[in-house]
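Residue-level structural notes
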Amino acid sequence: MLRQLNRALGRLTGLQIRRAAKPHRKKTKAAAPAVRPGRRPDYRPPANPQVDRLIRQPVFLITPVRSGATLLRMLLGGHSRLHAPHELHVRRLEVSAGTELAVEAMNELDLHRSDLEHLLWDRVLHRELVRSGKDVLVEKTPNNAFAYQRIAACWPDARFVFLLRHPASIAQSWYEADPSGRTPDEAALQALHYTRATERARRELPGHVVRYEDLTTDPESVLRSICGFLGIGYEPGMLDYGAREEGELPKGLGDWKEKIRSGRVQEGRALPEPAEVPEALREISTAWGYLDAPADAPGAADGEPRAEVTEVWPRDGLIRIVGRLHGVPAEPAPVPAPRWRLAVTLTGSPERRLDYPATVLGGDFDVSVPVADLAPSGIALPAKWDLHLTAGPDTPDVRLQASRILDDIEQKKNIMVFPAQSVSSDADTIQVKPYYTVRDNLSIACQLRDDLSRTLS
């Protein structure tokens, strides 16, 4: 019919009718890259970890380069339950769609590009773990220090072990690894890049901190502490990593030099003298406790003592606070009765004061507060508790404000957020949560669940 009509129209008018083309489908843009500079990352935790994740509680070593991570993973891999393979670099695995229909199909499943990448990462780690026959995977790629937030989002149940080393020793080892490719100054700047990333992760994530210097001088104690953190028993065979064969690794997948090949833990290089620490690394060396605070640092002037909080772990019914004393003579060894104590005072009611012993060793302090003590029956809500370290009766009473004043992060109140823990009191549920004040002082807030955000304002 259309053909006959076109013939007639063609004879009379020279025109013909053509069937209109189908309208083009509006193209659907593929999901944006997971992270763009200056924009909020679009990655997110799994909607249903039980469905979206195969691997459970993976362990990530967060550490700078040249800090002994290969040695540590070899030792950990000697445990009957821990599988610590070479550096896997899974965060560099990316996903792309070949067609627009593939994008639309994934959008219908509410799977963004970053979600698909997380599924891939998880599958790779799970495959490696299953092949090992063990049940806990340990991943040690140093560049993970630059992606700790995404790793924590990908695996919400991940556990983190932070391995620190004297930053100047890192720089020296990094330079010696390729002296023709970098100068000592360039090695120091690259070491600063990695150490700062590791420090940011250590500030924001709960985890367990160990030091390379301790690992090489007393590996058993370090391994016992890590096993305790992971909730597994220590095995003496972990120290005998030389009995386990592992082939030579390609460059970039882990150190496999003479010290590692020896099959036994060897003592590390001597620590540099303070004057030998490059200027670029002095600040981070101080933050990590390898250098004393300079005379012009807050709290160091006129010998005024200060307490710098380095870790806050609110979990298991406790708020554990770890940090370092500045301007105070270091304790040479533990003493039977702790000389330092944590004073927890109710804001506006100085007569309401709690007191807890603090362990101090080598200038580092460690103290825990039971959250139930902070929400006693009859307490007026909202309530805020101020924290200070105080000296014992054998020295002049010195109150130390627990605050991160010696690092380079300002306005921690808007950056560092800690989880709340619940306490039942007077038939109500009270939320107890540490937080940083506008003056960057560590405090603890207590409030009913619905009003906690107002308490922290």
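Structure shown above.
Reading the values: the criteria
- Throughout this document, residue positions are counted from 1 along each chain, in the order its sequence is written.
- This being a predicted model, a pLDDT of at least 70 is required before a residue's local features are given, and a value of 80 or more before pairs of side-chain atoms are given or counted; all residues contribute to the totals for chains, interfaces and linings.
- Values shown for side chains rest on all heavy atoms present in the structure; no hydrogens or waters enter the calculation.
- For helices the rule is a DSSP run of H or I covering at least 4 residues; for strands it is a run of E covering at least 2, with both sets numbered from the N terminus onward.
- Residue count minus one, scaled by 1.5 Å, sets the expected span of a helix.
- Throughout this description, buried means an accessible area under 20% of the type-specific maximum (1.4 Å probe, protein chains only), exposed means over 50%, and partly exposed covers the range between.
- Note: the arc covers the axis-to-C-beta directions of the helix.
- Contact definition: two residues touch when any of their heavy atoms are within 4.5 Å.
- With axes taken as lines fitted to C-alpha atoms, and helix axes fitted only over the stretch in contact, angles between N-to-C directions fall between 0 and 180 degrees.
- Oblique is the label for every angle not falling under 35 degrees (roughly parallel), over 145 degrees (roughly antiparallel), or within 65 to 115 degrees (roughly perpendicular).
- Left-handed describes a crossing in which the near helix is turned anticlockwise from the far one by less than a right angle; the clockwise case is right-handed.
- Any residue that is not Ala, Val, Leu, Ile, Met, Phe, Trp, Tyr, Cys, Pro, Asp, Glu, Lys or Arg is counted as polar, Gly included; the first ten are nonpolar and the last four charged.
- Pairing between two strands requires that DSSP report at least two bridges joining them.
- Only residues whose relative accessible area exceeds 30% and that take part in no salt bridge are eligible for patches, with like-charged residues grouped when within 9 Å of each other and nonpolar side chains (Val, Leu, Ile, Met, Phe, Trp, Tyr) grouped when within 5 Å.
- Every accessible area reported is derived by Shrake-Rupley at a probe size of 1.4 Å, with residue values counting cover from the shown protein chains alone.
- Any Lys or Arg side-chain nitrogen found within 4 Å of a carboxyl oxygen on Asp or Glu counts as a salt bridge.
- By convention a nonpolar core is built from buried Ala, Val, Leu, Ile, Met, Phe, Trp, Tyr and Cys residues, the set being connected through side-chain atoms within 4.5 Å.
- Only rings of Phe, Tyr and Trp enter the pairing, Trp through its six-membered ring, and a pair is recorded when the two centres are within 6.5 Å. The plane angle decides the type: under 30 degrees is stacked, over 60 is edge-to-face, the rest tilted.
- A ring is considered to have a charge above it if a Lys NZ or an Arg CZ atom is located within 6 Å of its centre and within 35 degrees of its normal.

1. Quick notes on helix α5 (residues 113–132)
- Between the first and last C-alpha of α5 there are 29 Å, a value that for 20 residues agrees with the 28 Å anticipated at 1.5 Å per step.
- Of all the positions in α5, only Ser114, Asp115, Glu117, His118, Trp121, Asp122, Leu125, Glu128 and Leu129 are classed as buried. All buried residues of α5 fall inside an arc of 160° around its axis, so they share one side. Exposed residues on α5 whose side chains face more than 90 degrees from its buried face are Val130 and Arg131.
- Against α2 (49–52), β1 (59–62), β2 (82–83), β3 (136–139) and α6 (148–154) lie the buried residues of α5.
- Phi turns positive, to about 80°, at Gly133, one or two residues after α5.

2. With respect to the packing of helix α7 (residues 167–177) against helix α8 (residues 184–204)
- Look at α7 against α8: their axes get within 8 Å of each other, and the N-to-C directions meet at 125°. Judged by the inter-axis angle, α7 sits oblique to α8. The interaxial crossing formed by α7 with α8 has right-handed handedness. Listed contacts from α8 to Pro167, Ile170, Ala171, Trp174 and Tyr175 of α7 are Pro184, Ala187, Ala188, Gln190, Ala191 and Thr195.
- Of the residues that constitute the contact of α7 with α8, the class distribution is 9 nonpolar, 2 polar and no charged.

3. Quick notes on the sheet that holds β1
- In space, the 5 strands of this open sheet follow the order β2-β3-β1-β4-β5, with parallel pairing throughout. The open sheet has two edge strands, β2 and β5 (208–211), and neither has a second partner.
- Sheet topology note: the strand β4 (residues 159–164)/β5 ladder contains 4 bridges and is parallel. Across the sheet, Leu163 pairs through a bridge with Val210, a residue of β5.
- Of the strands in this sheet, β1, β2, β3 and β4 are in contact with helix α3 (residues 69–76), which crosses β1 at around 155°.
- Along the sheet face, α5 touches β1, β2 and β3 and points at about 120° away from the line of β3.

4. Focus on a nonpolar patch on the surface
- Residues Leu93, Leu120 and Val124 make up a contiguous nonpolar surface patch of about 180 Å² in total accessible area.
- Considering the arrangement of structural elements, one finds Val124 in helix α5.
- A relative accessible area of 31% means that Val124 is categorised as partly exposed.

5. Here's the deal with the nonpolar core
- Ranked by internal contacts, the top residues of the largest apolar core, which has 34 residues, are Ile321, Leu374 and Val432.
- Those elements that provide at least two residues to this core are β6 (306–315), β7 (318–326), β8 (340–346), β9 (349–361), β10 (364–370), β11 (383–391), β14 (428–436) and β15 (442–448).
- Sorting elements by how many residues they give to this core places β11 first, with 5 residues.
- Filtering out sequence-adjacent residues up to four positions away, Ile321 remains in contact with Val309, Glu311, Leu342, Phe365, Asp366, Val367, Leu387 and Leu442.
- Listed in part, the 27 residues of the second largest apolar core include Leu75, Val136, Tyr212 and Ile226.

6. Observations concerning the packing of aromatic side chains
- What the rule picks out here adds up to 4 aromatic pairs.
- Plain terms: the ring middles of Phe418 and Tyr436 are 6.0 Å apart, the flat faces sit at 45° to each other, and that makes the pair tilted. Pair noted here: Phe418 is in the loop between β12 (399–401) and β13 (421–425) and Tyr436 is in strand β14, with a separation of 18 residues, a long-range link.
- What links up through ring pairs into an aromatic cluster is the set Phe60, Trp155 and Phe160.
- One residue, Arg182, lies across the ring of Trp174, its end atom 3.9 Å from the ring centre.
- Stacked on the ring of Tyr290, the Lys or Arg Arg211 has its end atom at 4.9 Å from the ring centre.

7. A short note on unusual backbone geometry
- In this model, Leu381 is joined to Pro382 through a cis peptide bond whose omega is 0°.
- Locating Pro382 in the fold gives a position in the loop between β10 and β11.
- With phi around 55°, Arg66 is a residue other than glycine that occupies positive phi space.
- Tracing the chain through its elements places Arg66 in the loop between β1 and α3.
- With a phi angle near 60°, Asp110 is a residue other than glycine that sits in the positive phi range.
- Of note, Asp110 is situated in the loop between α4 (100–108) and α5.

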